[in-house]
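Below, each chain spelled out in residue letters.
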Amino acid sequence: MGVYDTIHMELECPKKKIKSKVGVQVKWTEKQYLEDYNVGDDVGFGKNMDNVWVREEYICDECKKRHYAYINLKNGVVKEIIAEAEFKRRNLTNFLDYSDLL
Ligand SMILES: [Zn+2]
């Protein structure tokens, strides 16, 4: 077990259609030392990769199942976090997959 950073987000459960706050542990940030991040924060990652989507997996508080979250980084700043349904609705296809690491 290492120490990981957490990104906090509010996402709707696709099964129960209830929005809830979740904290997703991420392993790709620069510091990796129990930092907490929210939308708008600079995570120190991807500064040379503009407009990157990162996929993460989390366990939903509402239904206890795993869902995907898509995190948009622009110059290392968390610009937006959306659920899988919204990602598909926008016809987005390219993302970095970190979801295997849960
Ligand atoms: Zn759920």
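This is a predicted model, so every value here is computed, not measured.

**Student:** So what's going on with the overall build of the protein chain? Residues and values would help.
**Tutor:** Within the protein chain one finds 1 helix and 7 strands. Helices (α) and strands (β) of the protein chain occur, in sequence order from the N terminus, as β-β-β-β-β-β-α-β. Since a compact globule built from 102 residues should have a radius of gyration of about 13 Å, the 13 Å found for the protein chain is in line with a globular shape. Put simply, the protein chain has 102 residues, and 20% of those count as buried. Within the protein chain, contacts between residues separated by at least 24 positions form 59% of all contacts whose residues are at least 6 apart in sequence.

**Student:** Now, about the sheet that holds strand S4 (residues 52-59): what can you tell me, with residues and values included?
**Tutor:** With respect to topology, 4 strands assemble into an open sheet ordered S6-S5-S4-S7, the strand pairing being mixed. For this open sheet the edge positions go to strand S6 (77-83) and strand S7 (96-97), each flanked by a neighbour on one side alone. As defined by bridge partners, S4 adjoins strand S5 (residues 66-74) across 8 bridges and the pair is classed as antiparallel. Considered in S5, the bridge of Val54 is made with Ile71.

**Student:** Can you tell me about unusual backbone geometry, naming the residues and giving the values?
**Tutor:** A positive phi angle is found at Lys17, which is not glycine, with a value near 60°. Here Lys17 lies in the loop between strand S1 (5-12) and strand S2 (19-26). Although it is not a glycine, Asn75 sits at a positive phi angle of roughly 50°. When you line up the elements, Asn75 lands in the loop between S5 and S6.

**Student:** So what's going on with the nonpolar core? Residues and values would help.
**Tutor:** Counting 16 residues, the largest nonpolar core has Ile7, Met9, Val24, Ala69, Ile71, Val78 and Ile81 as the members making the most contacts within it. Elements supplying a minimum of two residues to this core: S1, S2, S5 and S6. Among the elements that line this core, the one with the most residues is S5, at 4 residues. Apart from the residues within four sequence positions on either side, Ala69 is in contact with Met9, Leu11, Val24, Glu56, Tyr58, Ile81 and Ala83.

**Student:** Tell me about the environment of Lys16, residues and numbers included.
**Tutor:** Relative to the helices and strands, Lys16 resides in the loop between S1 and S2. With 46 residues separating them in the primary sequence, Lys16 and Glu62 have C-alpha atoms 7.1 Å apart. Leaving out residues up to four positions away in the same chain, Lys16 has contacts with Glu62 and Cys63.

**Student:** Can you explain the pairing of S2? Please cite residues and give values.
**Tutor:** Note: S1 against S2, 8 bridges, orientation antiparallel. Counted as the bridge partner of Leu11 is Ser20 from S2. Hairpin connection from S1 to S2: 6 residues lie between these consecutive antiparallel strands, with Lys17 at a positive phi of about 60°.

Criteria and cut-off values
The residue numbers shown here count from 1 along each chain, following its written sequence. Only residues with pLDDT of at least 70 are given local features in this predicted model, and only at 80 or more are side-chain atom pairs given and counted; all residues enter the totals for whole chains, interfaces and linings. Runs of E in the DSSP output that reach at least two residues are strands. Runs of H or I that reach at least four are helices, and both are numbered from the N terminus. As a reference, a globule follows 2.2 Å times the number of residues to the power 0.38, and the radius of gyration itself is taken over C-alpha atoms. Burial is judged by counting the other C-beta atoms within 10 Å of a residue's own C-beta: 20 or more makes it buried, 12 or fewer makes it exposed, and any count in between marks it as partly exposed, with every C-beta position built from the backbone. This entry defines residue contacts through backbone-placed C-beta atoms, with two residues in contact when those atoms are within 7 Å. Here the rule is simple: two strands pair whenever DSSP picks up at least two bridges between them. Core membership is restricted to buried Ala, Val, Leu, Ile, Met, Phe, Trp, Tyr and Cys residues, and these are joined into a nonpolar core through C-beta atoms within 7 Å.

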